[in-house]
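# An overview of the molecular structure
Below, each chain spelled out in residue letters.
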Amino acid sequence: MNCLKIIYDGIVKQNPVFVLVLGMCPTLGTTSSAITGMSMGIATMFVPMCSNTSISAIKSLVPSQVRIPAYIIVIASFVTVLQMVMQAWLPSLNDLLGIFIPLIVVNCIILGRAEMFASKHNPIESLCDGIGIGLGFTIALTLLGSVREILGAGTIFGARIYPEEYGSLIFILAPGAFIALGFLIAIYNRITAHK
């Protein structure tokens, strides 16, 4: 398979948020601003890149009876590395994302890609899939966080666009995440319907 096509599919045709509608916990929980959405997306992208490649490399060594537990151990190992790096070098970001970093272990996007793609393809293709799915997730979270931040606070990446008093607090709160996500999915489906 072509690596660029695999990446494109992960971003557009199999976008985890807008198409597959997976990983809703971090999608809705960490996107109150563009920076937190982008940060969560980038942090999450590291895990499928590494875990897909590793799972693809060891797939013939893992008995089918313990396939899922073995995949979870691989994924948990990379999440642990990610969290330790963030605690050491990015403590404020680690505090900002909080519980959502360890929850990457049980993110259905990661385990789903391990089972559906990495276990059936070679390590290079699996790495490309991890990059594509990770980029798709990062783009979706950044876009959702940007929309919520603009409508709720009047800022984008912290830069003021319009006076704060014109912002609508609901978009910063949990109901605003559902509203904004619903509209973004509808817009995404409208744009990609003819492709």
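Attention here is on the structure that accompanies the text. Please read all numbers here as calculations on a predicted model, not as lab measurements.

## Points about the nonpolar core
Counting 28 residues, the largest nonpolar core has Phe18, Ile101 and Ile104 as the members making the most contacts within it. Those elements that place two or more of their residues in this core are helix 3 (34-58), helix 4 (67-89), helix 6 (108-118), helix 7 (123-153) and helix 8 (174-192). Here this core gets 6 residues from one element, more than from any other, and that element is helix 8. Setting aside residues up to four positions removed in sequence, Ile101 forms contacts with Met40, Ala43, Val79, Leu82, Gln83, Met86 and Asn94.

## A word on the side chain of Ser146
By secondary structure assignment, the location of Ser146 is in helix 7. Looking at Ser146, its side chain comes within polar contact range of the main-chain oxygen of Thr142, at 2.7 Å. Sequence-distant contacts of Ser146, that is, excluding residues within four places in its chain, are made with Ala34, Ile156 and Phe157.

## Overview of helix 8
The α-helix advances 3.6 residues per turn, and as a result positions three or four apart in sequence lie on the same side. Given a rise of 1.5 Å per residue, 19 residues ought to cover 27 Å, and the 27 Å separating the end C-alpha atoms of helix 8 matches this to within 8%. By the burial criterion, the buried members of helix 8 are Gly176, Ala177, Ala180, Leu181, Leu184, Ile185 and Tyr188. Relative to the axis of helix 8, the buried residues are bounded by an arc of 160° and lie together on one face. Structural note: helix 8 exposes Phe178, Phe183 and Arg190 on the side pointing more than 90 degrees away from its buried face. Its buried side turned inward, helix 8 meets helix 1 (3-13), helix 2 (24-29) and helix 7.

## Considerations on helix 1
Where helix 1 is concerned, the buried positions are Ile6, Ile7, Asp9 and Gly10. Looking straight down helix 1, one finds that the buried residues subtend no more than 155° of arc, so they occupy a single side. For helix 1, the exposed residues set more than 90 degrees away from the buried face come down to Leu4 and Lys13. In this structure, the buried side of helix 1 is in contact with helix 6 and helix 7. Measuring from the backbone nitrogen of Leu4 back to the side-chain oxygen at the start of helix 1 gives 3.0 Å, which picks out Asn2 as the cap.

## Here's the deal with the pattern of salt bridges
Scanning all chains against the criterion turns up 4 salt bridges. Across the salt bridge formed by Lys5 and Asp9, the nearest N and O atoms sit 2.8 Å from each other. Note that Lys5 and Asp9 are positioned in helix 1 at a spacing of 4 residues, about one turn of the helix. Judged by relative accessible area, which is 41%, Lys5 ranks as partly exposed. For Glu115, the salt bridge goes to Arg67, with nearest N and O atoms at 2.9 Å. Of this pair, Glu115 sits in helix 6 while Arg67 sits in helix 4, and the two are 48 residues apart along the sequence. With a relative accessible area of 23%, Glu115 lands in the partly exposed category.

What counts and what doesn't
Residues numbered from 1 in each chain as written. Predicted model: local features only at pLDDT ≥ 70, side-chain atom pairs only at ≥ 80, totals over all residues. Heavy atoms only, no water. Core = buried A, V, L, I, M, F, W, Y, C linked by side-chain atoms within 4.5 Å. Buried < 20%, exposed > 50% of the residue type's maximum accessible area, 1.4 Å probe, protein only. Helix = DSSP H or I, 4+ residues; strand = E, 2+ residues; numbered from the N terminus. Contact = heavy atoms within 4.5 Å. Polar contact = N/O pair within 3.5 Å; in protein donor to acceptor, adjacent residues only side chain to side chain. Expected span 1.5 Å × (residues − 1). Arc of directions from axis to C-beta. Salt bridge = Lys/Arg side-chain N within 4 Å of Asp/Glu carboxyl O.

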